[in-house]
Amino acid sequence: MKKNEPNKKTEQLETLSTSNENTELTTNQGLKINNNQDSLKAGNRGPTLLEDFILREKITHFDHERIPERIVHARGSGAHGVFKLTKSLGHVTTAKFLTEVGKETPVFVRFSTVAGSRGSTDLPRDVRGFAVKFYTEEGNYDLVANNMPVFFIQDAIKFPDLVHAVKPEPDNEIPQAASAHDTFWDFISLMPESMHMIMWLMSDRAIPRSFSMMEGFGVHSFKFINEEGKSHFVKFHFKPKLGVHSVAWDEAQKISGVDPDFLRRDLWDSIENKSFPEWEFGVQLIPEEDEHKFDFDLLDPTKIVPEEEVPVEIVGTLTLNKNPDNFFAETEQVAFHPGHLVPGIDFSNDPLLQGRLFSYTDTQLSRLGSPNFHEIPINRSINTVHNNQRDGHMRQQIVKGKVSYEPNSIAQGCPFQSMIKDGGFASHQEKVSGQKVRERSKSFVDHYSQAKLFYNSQSTPEKIHLQNALIFELSKVTMPHIRERVVGQLTYIDMTLAWRVAEKLGLEAKKLDMPNQSIPADSDPKDLQSKEIEPKTKISEALSMQNTVKNTIASRVIGFIMGNGVDADQVSQLKSKIEEQGARVQIIATSMAPVKTNNGDTLTPQHSLTSTASVCFDALYICPGEDSTKELSAPENKHLTLHFINEAYKHCKTIYFGEGTDTLYKSSNVAYKKHEDPAIVTASDQNGGDKFIKAIAQHRVWELEKERNS
Ligand code: HDE
């Protein structure tokens, strides 16, 4: 199957969808409507009649258009695609989509933020959901993942507390889609188990440049079961082929105003432009007998398995190649559930995962309103469903015959249960025994070693960003005792980090005596101190975005700033070069009027200097041509042009000054800096176009941030 050929799921959706092309307007009963402009009245200036069933039907339907938004992950964007297996996992699982090399499985993926409402911005500081529905021939398998590999809490019973703490505060419903407020940090400061996740959340991973530049993680340990019934623990990973990249926090805040749909638009446009987002899919496998070989508990969702200890084996590719036809029908109504399993995959006893298994069905019942949510087209399995469940709100399947029970003889026992060898699901026969207790295992008690591992593994610019994120967030906290407690937590991760944050908050970095309910009362206080980590895991290269893929400009958006008289040939040459590599060029002019080039042609701008901002672009080309520069430097345009350039510069982006743009170069901040800067290209550079492209592929010169901003 080629990338955007229809697959079994898209065919199914096709047969279930309609188009309004070449049709006449009808009521919901199929009656053709003759007047959709006026309601039925007693005289053309008289009262509207109750008998106007057309008006009532239309307005009633409209009144009920909204469904409750998701309690968390309300803001989301989705796309269809395909998962292709490149390496068999037949030795560890029977799941067919993971054992037959070359097999292509249709998928639907929904990315989301966690805290904000459905209409909130795409770029708050937040975790991103990365939920994948695999429409396998053995039924739907959902991998309801995030872009961070750990979670805030260890036990599901704390989830409502966490979410209440991060959501807008209940008295005034402020702030929207932001963790920078009292209740969130109050909760966090009392939950040392959240510290590892806080390191991820304060890192740039929380402000991704694109959904296609995020990793995906299953978070929990799951289990694979093979034909012999033997189990392996498994951690799931998606690694983006474009690398993991982020925007700057200052940029994120501005994008939230200029284009709150930034990531949604990027996903949509990339797919429309056939720059299909792609990930490698990989697994970390741990034989059951090695369960206790680590210095953390595999069931603890606040821990990663460092890739240096268990490498990620790449076994497949996930490609998103089709935008939804209808946002509500697909992206809004899709219902994920970590309990949607296929044979060969099972849960572990991670207490967070166990709680999720209850939550997701329950939430769909209130959100989608009926136990028949599996019949909504986007949620349907590509296998026909056969069982004796019946009726309920909005039932769509019409099951023929008298029988809706089992055992039965009238329908020859059908539908009958399947043998394991024929694909019948059987839970892994794990031996379980224990006292019935409300208690946390002592093996969950080390909350700092991996927080420290993450922090230590960051590059210097990443550490600075993380530190500034903490300063930003905690400066918004109004209650001093909360700030103090968070700083106290940081002292267990890194003293310099704690000092720097404390200094900006006007505090001293003091260690805490940590009263915490989640720590067993009889635990040894020294367990609460940050344990020294074995040298081999002190740094994990995989945790730093500095070491990510930087060899492509695919899906980047490059702004070409120009005025009339721009050099047509040079513009068109660089444009083709950039587009050949899968990036997009957008013209920014002084107005939306067509730009006249030096050879008399015209170019249509997508933006004017006032309708967009530098934060929406990955790099800028100040297009060549003296007349063009004159126009951009005219009194009414100069400050806008320079603001564009200076802001892109501040955000460590690549800028190319073409021939004849010297006056702009000289008046910008760029000219004042005297250091070597590989991301500034000028007309005097040989092969300027190639240098430009190479620099864009590096994403940003974060290492020059200080110099560029001084
Ligand atoms: Fe979720 N989570 N979650 N979660 N979650 C939901 O389900 C919940 C957790 C994740 O695009 C809800 O359908 C509990 C971890 C994603 O539709 C809800 C707990 C991870 C999405 C829910 C967790 C996730 C959700 C809200 C702790 C990463 C969006 C709407 C016990 C592995 C899926 C819905 C989409 C959505 C409950 C923790 C990922 C309320 C109780 C850990 C990606 O059921």
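Calculation rules
- Residues numbered from 1 in each chain as written.
- Predicted model: local features only at pLDDT ≥ 70, side-chain atom pairs only at ≥ 80, totals over all residues.
- Heavy atoms only, no water.
- Helix = DSSP H or I, 4+ residues; strand = E, 2+ residues; numbered from the N terminus.
- Buried < 20%, exposed > 50% of the residue type's maximum accessible area, 1.4 Å probe, protein only.
- Contact = heavy atoms within 4.5 Å.
- Areas by Shrake-Rupley, 256 points an atom, 1.4 Å probe, with all protein chains shown as cover.
- Lys, Arg positive; Asp, Glu negative; His and termini not counted.
- Charge placed at Lys NZ, Arg CZ, Asp CG, Glu CD.
- Domains from an automatic or database assignment.
- Salt bridge = Lys/Arg side-chain N within 4 Å of Asp/Glu carboxyl O.
- Donors = N, O, S within 2.8 Å, 3.2 Å for Na, K, Ca; no water.
- Phe/Tyr/Trp six-rings, centres within 6.5 Å; stacked < 30°, edge-to-face > 60°.
- Lys NZ or Arg CZ within 6 Å of the ring centre and 35° of its normal.
- Near = heavy atom within 4 Å.
- Polar contact = N/O pair within 3.5 Å; in protein donor to acceptor, adjacent residues only side chain to side chain.
- Axes fitted to C-alpha atoms, helices over the stretch in contact; angles between N-to-C directions.
- Left-handed = near helix turned anticlockwise from the far one by under 90°.
- Nonpolar A, V, L, I, M, F, W, Y, C, P; charged D, E, K, R; others polar.
- Disulfide = S-S within 2.5 Å.
- Pairing = 2+ DSSP bridges.
- Core = buried A, V, L, I, M, F, W, Y, C linked by side-chain atoms within 4.5 Å.
- pLDDT = per-residue confidence, 0-100.

Trainee: Could you clarify how one ought to interpret the overall build of the protein chain in this entry?
Mentor: Each helix and strand counted, the protein chain has 19 helices and 18 strands in total. Within the span of the protein chain, comprising 710 residues, buried residues form 54% of the whole. When contacts within the protein chain are restricted to residue pairs at least 6 apart in sequence, those whose partners lie at least 24 apart make up 74%. Total accessible area computed for the protein chain in this model is approximately 33700 Å², and 51% of it derives from carbon and sulfur atoms. Computed over 81 positive and 97 negative side-chain charges, the separation of the two mean positions in the protein chain equals 1 Å.

Trainee: For this particular structure, what's the right way to read the domain arrangement of the protein chain?
Mentor: Annotation of the protein chain at the domain level lists domain 1 (76–379), domain 2 (447–546) and domain 3 (550–709). One C-alpha centre belongs to domain 1, the other to domain 2; they are set 25 Å apart. At the interface, 36 residues of domain 1 touch 39 residues of domain 2. Our count for the domain 1 to domain 2 interface comes out at one salt bridge. Asp 186 serves as the salt-bridge partner of Arg 485, at 2.7 Å between the closest nitrogen and oxygen.

Trainee: Is there a simple way to think about the environment of Lys 691 in this case?
Mentor: Here Lys 691 shows up in helix α18 (residues 688–697). Considered as a pair, Lys 691 and Val 681 are 10 residues apart in the sequence and their alpha carbons are 7.0 Å apart. When sequence neighbours within four positions are dropped, the list of residues in contact with Lys 691 reads Pro 678, Ile 680, Val 681 and Asp 685.

Trainee: Teacher, can you tell me more about the coordination of the iron atom of the ligand here?
Mentor: Working reference: metal with six octahedral donors, ideal angles 90 or 180 degrees; metal with four tetrahedral donors, ideal angle 109.5 degrees. Donation to the iron atom of the ligand from the protein comes from one atom only, Tyr 360 (OH), at 1.9 Å. Within the secondary structure, Tyr 360 sits in helix α9 (residues 351–367).

Trainee: Would you take a moment to explain the packing of aromatic side chains for this structure?
Mentor: The description of an aromatic ring pair rests on the distance of the ring centres and on the angle between the ring planes. Summed over all chains, the structure comprises 31 aromatic pairs. For the ring pair Phe 134 and Phe 281, a centre distance of 6.4 Å and an interplane angle of 65° mean the geometry is edge-to-face. Of this pair, Phe 134 sits in strand β3 (residues 128–136) while Phe 281 is found in strand β8 (residues 278–287), placing the two residues 147 residues apart along the sequence. As far as burial versus exposure is concerned, Phe 134 and Phe 281 are alike and both buried. Measuring from ring centre to ring centre gives 6.2 Å for Phe 617 and Phe 644, while their planes differ by 45°; the resulting arrangement is tilted. You can see Phe 617 sitting in the loop between β15 (607–608) and β16 (619–622) and its partner Phe 644 sitting in helix α16 (residues 635–650), a full 27 residues away along the chain. Each member of the pair, Phe 617 together with Phe 644, is buried. Over the ring of Phe 336 we find Lys 133, and its NZ or CZ is 5.2 Å from the ring centre. The positively charged end of Lys 463 is found above the aromatic ring belonging to Tyr 455, 5.2 Å away from the centroid.

Trainee: When you look at the site of the ligand in this model, what are you seeing that I'm missing?
Mentor: Taken together, 23 residues sit near the ligand, with Arg 70, Arg 110, Arg 356, Tyr 360 and Gln 364 positioned nearest. Between the ligand and the protein, one listed contact pairs an oxygen atom with a side-chain N or O atom of Ser 359 at 3.1 Å. Tyr 360 places a side-chain nitrogen or oxygen 2.6 Å from a nitrogen atom of the ligand. Elements supplying a minimum of two residues to the shell around the ligand: β3, β4 (139–146) and α9. For the shell around the ligand, the leading source of residues is α9, giving six residues.

Trainee: How should I be thinking about helix α12 (residues 480–490) in this particular structure?
Mentor: Spacing of three or four residues puts side chains on the same side of an α-helix, whose turn is 3.6 residues. Within α12 the residues assigned to the buried category are Ile 482, Arg 483, Val 486, Val 487, Gly 488, Gln 489 and Leu 490. Of the surrounding elements, those touching the buried residues of α12 are α4 (182–189), α5 (195–202), α11 (460–475) and α13 (495–505).

Trainee: Explanation requested: the packing of helix α14 (residues 568–580) against α18 in the structure shown.
Mentor: Close contact between α14 and α18 brings their axes to 11 Å; oriented N to C, the two are set at 35°. α18 is crossed by α14, and the crossing has right-handed handedness. Only Gly 689, Asp 690, Phe 692 and Ile 693 of α18 make contact with α14, whose side of the interface consists of Leu 574, Lys 577 and Ile 578. Tallied by class, residues from the contact of α14 with α18 come to four nonpolar, one polar and two charged.

Trainee: Looking at this structure, how should I read the state of the cysteines?
Mentor: Defined simply, a disulfide is a covalent bond joining two cysteines at their sulfur atoms. Taken as a whole and assessed by the stated rule, the structure comprises zero disulfides. In this model Cys 623 remains outside any disulfide bridge; the closest cysteine sulfur is found in Cys 616, 17 Å from its own. Looking at Cys 652, it has no disulfide partner, and the nearest cysteine sulfur is the one in Cys 616, 17 Å off.

Trainee: Please explain the pairing of strand β17 (residues 654–657) as it appears in this structure.
Mentor: Within a regular strand, the side chains alternate between the two sheet faces. Of the two faces of β17, the one lined by Thr 654 and Tyr 656 and the one lined by Ile 655 and Phe 657 are each fully buried. Relative to strand β18 (residues 680–682), β17 is paired through three bridges, and the arrangement is parallel. Its bridge partner being in β18, Tyr 656 is matched across the sheet by Val 681.

Trainee: Would you mind going over the nonpolar core with me for this structure?
Mentor: Within soluble globular proteins, side chains that are nonpolar generally end up buried alongside one another. If you look at the biggest cluster of nonpolar residues, it comprises 68 residues, and the most contacted ones within it are Leu 98, Phe 130, Phe 224 and Ile 655. It is α16 that contributes the most residues to this core, five residues altogether. The two domains that each donate at least three residues to this core are domain 1 (76–379) and domain 3 (550–709). Grouped together as the second largest cluster of nonpolar side chains are 54 residues, Phe 187, Ile 188, Val 477 and Ala 502 included.

Trainee: Where do I start with the environment of Ile 539 in this structure?
Mentor: Take Ile 539: it is sitting in the loop between α13 and β11 (557–561). By relative accessible area, which is 48% here, Ile 539 ends up partly exposed. For the pair formed by Ile 539 and Thr 183, sequence separation is 356 residues and the distance between their alpha carbons is 32 Å. Among residues more than four places away in sequence, those in contact with Ile 539 are Leu 453, Asn 456 and Ser 457.

Trainee: Can you help me understand the confidence of the model for the protein chain in this one?
Mentor: Detailed conclusions should not be drawn from predicted coordinates in areas where pLDDT is low. Of the residues in the protein chain, 95% reach a pLDDT of 70 or more, and the chain-wide mean stands at 94. Here residues 515–537 is modelled with pLDDT under 50, and outside its nearest four sequence neighbours on either side it reaches 36 contacts, counting other chains as well.

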